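Spelled out from the first residue to the last, the chains are:
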Amino acid sequence: MIQKRIGQWAVMAVAVPLAAAGARRLSHTLEARRGSTGVSRALSKGADLLRPQKAKRRRFW
């Protein structure tokens with residue numbers, strides 16, 4: 001059971017930010033080559049959903 005939790009943590013801590021960065025980079029590359037297209041906008045929105053660049057930090061006190 002603890003191994004499952006460690007695996008979930010690893011996915012959330014490593015794979016999701018890497019996927020967001022990859023989607024954002026691919027979006028920028030596509031926009032540089034062909035201009036703004038539906039695919040590049042979708043990749044950019046998907047990256048923002050996974051990991052927003054301007055995330056506000058929450059204060060707990």
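Up top is the structure.
To keep things clear, this report deals only with the structure shown in the data block. (Residues numbered from 1 in each chain as written. Predicted model: local features only at pLDDT ≥ 70, side-chain atom pairs only at ≥ 80, totals over all residues. Heavy atoms only, no water.)

1. Comments concerning the side chain of Ser27
What counts is decided by this rule: Helix and strand assignments follow DSSP, with helices taken as H or I runs no shorter than four residues and strands as E runs no shorter than two, numbered in order from the N terminus. Think of it in three bands: residues with accessible area under 20% of the maximum for their type are buried, residues over 50% are exposed, and the middle band is partly exposed, with areas taken using a 1.4 Å probe on protein chains only. Contacts were defined at the residue level, with two residues in contact if any of their heavy atoms lie within 4.5 Å.
If you trace the backbone, Ser27 turns up in helix H1 (residues 2–34). By relative accessible area, which is 1% here, Ser27 ends up buried. If we ignore the near neighbours within four places in the chain, the residues touching Ser27 are Ser40, Leu43 and Ser44.

2. Section: the pattern of salt bridges
Where we set the bar: Here, a salt bridge means any side-chain nitrogen of Lys or Arg that lies within 4 Å of a carboxyl oxygen of Asp or Glu.
All chains considered together, the criterion is met by one salt bridge. Among the ionic pairs, Arg24 bridges to Asp48, the shortest N-O distance being 2.9 Å. Taken as a pair, Arg24 in helix H1 and Asp48 in helix H2 (residues 38–50) lie far apart in primary sequence, 24 residues in all. Classification of Arg24 as buried rests on a relative accessible area of 12%. Using a relative accessible area of 38% as the deciding quantity, one classes Asp48 as partly exposed.

3. Examining the packing of H1 against H2
Note the following rule: Orientation is described by lines fitted to C-alpha atoms, with helices fitted over the stretch in contact, and by angles between N-to-C directions that extend from 0 to 180 degrees. When describing relative orientation, an angle under 35 degrees is termed roughly parallel and one over 145 degrees roughly antiparallel, while 65 to 115 degrees is termed roughly perpendicular and anything else oblique. With the far helix as reference, a near helix turned anticlockwise by less than a right angle produces a left-handed crossing, and one turned clockwise produces a right-handed crossing.
For the pair H1 and H2, interaxial distance at closest approach is 8 Å and the crossing angle is 155°. Here H1 is positioned roughly antiparallel relative to H2, judged by the angle of their axes. Between H1 and H2 lies a crossing of left-handed hand. Every residue of H2 that contacts H1 at Val16, Ala19, Ala20, Ala23, Arg24, Leu26, Ser27, Leu30 and Glu31 is listed here: Val39, Ser40, Leu43, Ser44, Ala47, Asp48 and Leu50.

4. Looking at H1
An α-helical turn contains 3.6 residues, so a residue and the one three or four places further along point in the same direction. Our working definition: A helix is expected to reach a length of 1.5 Å times the quantity of its residues less one.
Between its first and last C-alpha atoms H1 spans 47 Å; for 33 residues at 1.5 Å apiece the expected length is 48 Å, and the two agree. Pro17, Ala20, Ala23, Arg24, Ser27 and Leu30 are the residues of H1 that are buried. Residues of H1 that are buried sit in contact with H2. Looking one or two places after H1, you find Gly35, whose phi comes out positive at around 85°.

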